[in-house]
Amino acid sequence: ELREVLGEMAGAASAKLAEEGVPRDEHELRYEIDVRYQGQGFEIPMTLTQSMLSADDIVARLGAAFDEEHRRLFSFLLPNAREIINIRVSAVGGRPDVAWRALPDGGTSAQDALIERHRIWVDGGWTDAGIYDRAKLHADNVIAGPAIVVEMDSTTLVLPEHSATVHANGSLLIHPTEV
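Residues numbered from 1 in each chain as written. Predicted model: local features only at pLDDT ≥ 70, side-chain atom pairs only at ≥ 80, totals over all residues. Heavy atoms only, no water.

So, on to helix 1 (residues 2-19). The periodicity of an α-helix, 3.6 residues per turn, causes residues three or four places apart in sequence to face the same way. For helix 1, spanning 18 residues, the distance from its first C-alpha to its last is 26 Å, which sits close to the expected 26 Å at 1.5 Å a residue. Listed in full, the buried residues belonging to helix 1 are Leu2, Leu6, Ala10, Ala13, Ser14 and Leu17. The buried residues of helix 1 all sit within an arc of 100 degrees when viewed along its axis, so they share a single face. Residues of helix 1 that are exposed and angled more than 90 degrees away from the buried face: Glu4, Glu8 and Glu19. (Helix = DSSP H or I, 4+ residues; strand = E, 2+ residues; numbered from the N terminus. Expected span 1.5 Å × (residues − 1). Buried < 20%, exposed > 50% of the residue type's maximum accessible area, 1.4 Å probe, protein only. Arc of directions from axis to C-beta.)

Contact geometry for helix 1 and helix 3 (residues 58-74): axes closest at 9 Å, N-to-C directions at 90 degrees. Judged by the angle between their axes, helix 1 and helix 3 are roughly perpendicular. Contacts from Leu2, Arg3 and Leu6 of helix 1 reach helix 3 at Ile58, Val59 and Leu62. Residue composition of the contact of helix 1 with helix 3, by class: five nonpolar, no polar and one charged. (Axes fitted to C-alpha atoms, helices over the stretch in contact; angles between N-to-C directions. Parallel < 35°, antiparallel > 145°, perpendicular 65-115°, else oblique. Contact = heavy atoms within 4.5 Å. Nonpolar A, V, L, I, M, F, W, Y, C, P; charged D, E, K, R; others polar.)

With that settled, the discussion passes to the nonpolar core. By size, the foremost hydrophobic cluster in this structure holds 16 residues, and its most contacted members are Leu6, Tyr31, Ile33, Leu48 and Leu62. Every element with two or more residues in this core is listed here: helix 1, strand 1 (28-37), strand 2 (44-48), helix 2 (50-54) and helix 3. In this view, Ile33 contacts Leu2, Leu6, Ile44, Pro45, Met46, Leu48, Leu62, Ile84, Asn86 and Ile87; residues no more than four positions away in its chain are not counted. Within the second largest apolar cluster, 11 residues are counted, among which are Ala110, Leu137, Val158 and Val166. (Core = buried A, V, L, I, M, F, W, Y, C linked by side-chain atoms within 4.5 Å.)

Remark on secondary structure: sheet strands pair via backbone hydrogen bonds, oriented parallel or antiparallel. Strand order across the open sheet formed by three strands is 2-1-3, with antiparallel pairing between neighbours. Looking along the sheet, the strands with just one partner apiece sit at the ends: strand 2 and strand 3 (82-92). The mean inter-strand angle of the sheet, taken between neighbouring strand axes irrespective of direction, is 25 degrees. In the sheet, strand 1 pairs with strand 3 via 10 bridges, with the strands oriented antiparallel. (Pairing = 2+ DSSP bridges.)

A separate point is the packing of aromatic side chains. Inspection of the entire model under this criterion finds four aromatic pairs. Considering the side-chain rings of Phe42 and Phe74, the 5.4 Å spacing of their centres and the 55 degrees angle between planes classify their relative orientation as tilted. Of this pair, Phe42 sits in the loop between strand 1 and strand 2 while Phe74 sits in helix 3, placing them 32 residues apart in sequence. A centroid spacing of 6.4 Å and a plane angle of 50 degrees characterise the contact between Phe74 and Phe76, whose relative ring orientation is tilted. Exposure remark for Phe74: the relative accessible area of 32% places this residue in the partly exposed category. Taken together, Phe42, Phe74 and Phe76 form an aromatic cluster joined through their ring pairs. (Phe/Tyr/Trp six-rings, centres within 6.5 Å; stacked < 30°, edge-to-face > 60°.)

Dropping the structure here:
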């Protein structure tokens, strides 16, 4: 019965990947079952290996693996019956080769990304800060704080006495300014 349920779940997960255009030979299925001793308030996730899945005594092997893991974690076993609490099958498709797009080099000046200057409250007082459009930044641009870098879904504050250098992958590397 356990093998049948796992098979149904695996088939459904694999079909979903196929629907999404992932070739069947790129599907990787992972089987996990949460097991506990009857009456316990927590369970231990157990990963099923291929040898366990294909064995005639799948439940006995799962029980033995659970006992071994329980002993490893808690240094004892209980005489209680074991219970299966949850069954999961994860289907993972092939991962495409994705390369990050390097930003064009822009030198150290971030002037082209400056939107405006604005007064902001920092460290208990008002100070002038540059407001920069992140989409207009280039690799190696340096933004001296205080500054705010804005984009559609986030805002980054560069504190006074700090600077942000734009990495070729677009990350902002913020460091204290050397004195």
